[in-house]
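Coordinate inspection notes
Each chain, letter by letter, is given below.
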Amino acid sequence: MRPQNRQFAVIGLGRFGRAVCETLRKQGYQVVGTDIDEGLVAQALSDRIVDNAIELDSTKPNALREAGIFETDTVIVAIGKYVEESIITTLNCKEAGVNFVAAKASTEIHGKLLKKVGADLVVFPEYDAGCELAHRLTRPSILERFDLDPEHSIVELKVPEAFHGKTLAELEIRNRYGLNIVAVGNAEKFKINPNPQERLYKDLAMVVIGSNRDIQRLPM
Ligand code: ATP
C-alpha cells in the first residue's frame, strides 16, 4: 500500500501520541489525531503533525464513528494514565472492526487488559526506553538493534579493534561466540552472507544475529 493511502488515527495527543503522529506524517502517511482536550487538538494542528485533528471523547463509540476513526487501517491508543479510558477506547475500536489497534500500556496489568479486549499490539514505552538506554550505555559500538524476541537480536556494530585485519575463518565467530555474521560493509555497500575468507577492518560495520548474551561477549 502506498504511504499516502494508508491511514492512521492516533487517540491521545500527549507526548507519546504526538511523537507517533509526527513520525508517521514525516513518512508520508495520513494521520488523524484526536484528544478530549481542545488545546492539544489545536496545538497538533498548528504544529502540523497531523493532517486533521478532532476533539472527541474516545470512550463514546458514536464520537469515534462520526469522526471516521473506524475507517482507518490502524488506530494507536496513546492514552497511558487513564487506564479505564484506554481500555474502553481499545474495545470500541475492536468491536467496530478496526483492523489493527496498537495501544500503549502503563503497567503490566494494563497491558494484559488491553490484550483481553483485543489490542493487536501492546507497547510499554517506559520499559522499552529503559532497556534501549541500558543497551546503548553498555554497548556503545552498537549502531542499530532489532529485537527478534526478548533474548535474541540482530545488531549492527562497528568491527571491534580485536577483529581488525582477520578473516571470519580465523576469528571462528560461530564456534567462539555462537553468533552468525550476516553482513559486512559500510553505509555505501554491505556484503550479505560474507564468505569465511572475508577480512574485517575496524572502519567497517558488521551485522550479527544471535542471543543477546552472546552478543554481549563480543569485544568492544
Ligand atoms: P504522555 O503521552 O504525555 O506520556 P500519558 O501517558 O500520561 O501522556 P495520558 O495523559 O494518560 O497519557 O493521556 C494522553 C492523552 O489522552 C491526553 O492528552 C488526554 O487528554 C487524552 N485522553 C484521555 N482520555 C481521553 C478520552 N476519553 N478521549 C480522548 N482523549 C483522551
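For every chain, the first residue of the written sequence is number 1, and numbering continues from 1 along that sequence. Under the rules for a predicted model, residues below a pLDDT of 70 receive no local features and side-chain atom pairs below 80 are neither given nor counted, while totals for whole chains, interfaces and linings still include all residues. Working from all heavy atoms in the structure, the side-chain values ignore hydrogens and water.

In the nomenclature of an unreviewed UniProt entry, the chain corresponds to TrkA from the organism Microcystis aeruginosa PCC 7806SL.

**Describing the layout of surface pockets**
This is how the line gets drawn: Points on a 1 Å grid over protein atoms alone make up a cavity when a 1.4 Å probe fits among them but cannot get out, and a pocket when they form an open set with protein on both sides within 12 Å along at least five of seven lines; lining residues each have an atom within 4 Å of a point. Grid points are joined across faces, edges and corners, and a volume is the space filled by probe spheres set on the points. Here a helix means four or more residues in a row that DSSP labels H or I, a strand means two or more in a row labelled E, and each is numbered from the N terminus.
Considering only enclosed or pocket space, the largest pocket measures out at about 660 Å³ in volume. For the largest pocket, the lining is made up of 23 residues, of which Asp35, Ala78, Ile79, Gly80 and Tyr82 are closest to its centre. Among the elements of the structure, helix 1 (15-26), strand 2 (30-35) and helix 6 (125-138) are those that each provide at least two residues to the lining of the largest pocket. Estimated volume of the second largest pocket: approximately 320 Å³. The wall of the second largest pocket is formed by Tyr127, Asp128, Cys131, Glu132, His135, Asp147, Asp149, Pro150 and Asn212.

**Some details on the site of the ligand**
The test is simple: Here a residue is near a molecule or strand as soon as one of its heavy atoms is found within 4 Å of it. A 3.5 Å cut-off defines polar contacts: any pair of N or O atoms within that distance qualifies, except that in protein one atom must be a possible hydrogen donor and the other a possible acceptor, and neighbouring residues in sequence count only when both atoms are side-chain atoms. For every accessible area listed, the method is Shrake-Rupley and the probe measures 1.4 Å; residues are considered covered only by the protein chains on display. Pocket or cavity membership: a molecule qualifies when more than half of its atoms sit within 2 Å of the grid points of that site.
The ligand sits among 19 residues. The nearest are Arg15, Asp35, Asp57, Lys81 and Lys104. In this structure, Ile36 approaches the ligand through a main-chain N or O atom, which is 3.2 Å from a nitrogen atom. The contact in question runs from a nitrogen atom of the ligand to an N or O atom on the side chain of Asp57, over 2.8 Å. In isolation the ligand offers 640 Å² of accessible surface; the protein chains occlude 88% of this area. The site holding the ligand turns out to be the largest pocket.

**Comments concerning the sheet that holds strand 10 (residues 190-192)**
Heads up, the rule is: In this analysis, strands are considered paired if DSSP registers two or more bridges between them. Note on method: axes are straight lines fitted to C-alpha atoms, helices fitted across the in-contact stretch only, with angles between N-to-C directions ranging 0 to 180 degrees.
Spatially, the five strands line up as an open sheet ordered 7-8-11-9-10, and their pairing is antiparallel. The outermost strands of the open sheet, each flanked by one partner alone, are strand 7 (142-147) and strand 10. Looking at each pair of strands side by side, their axes are set apart by 20° on average, direction ignored.

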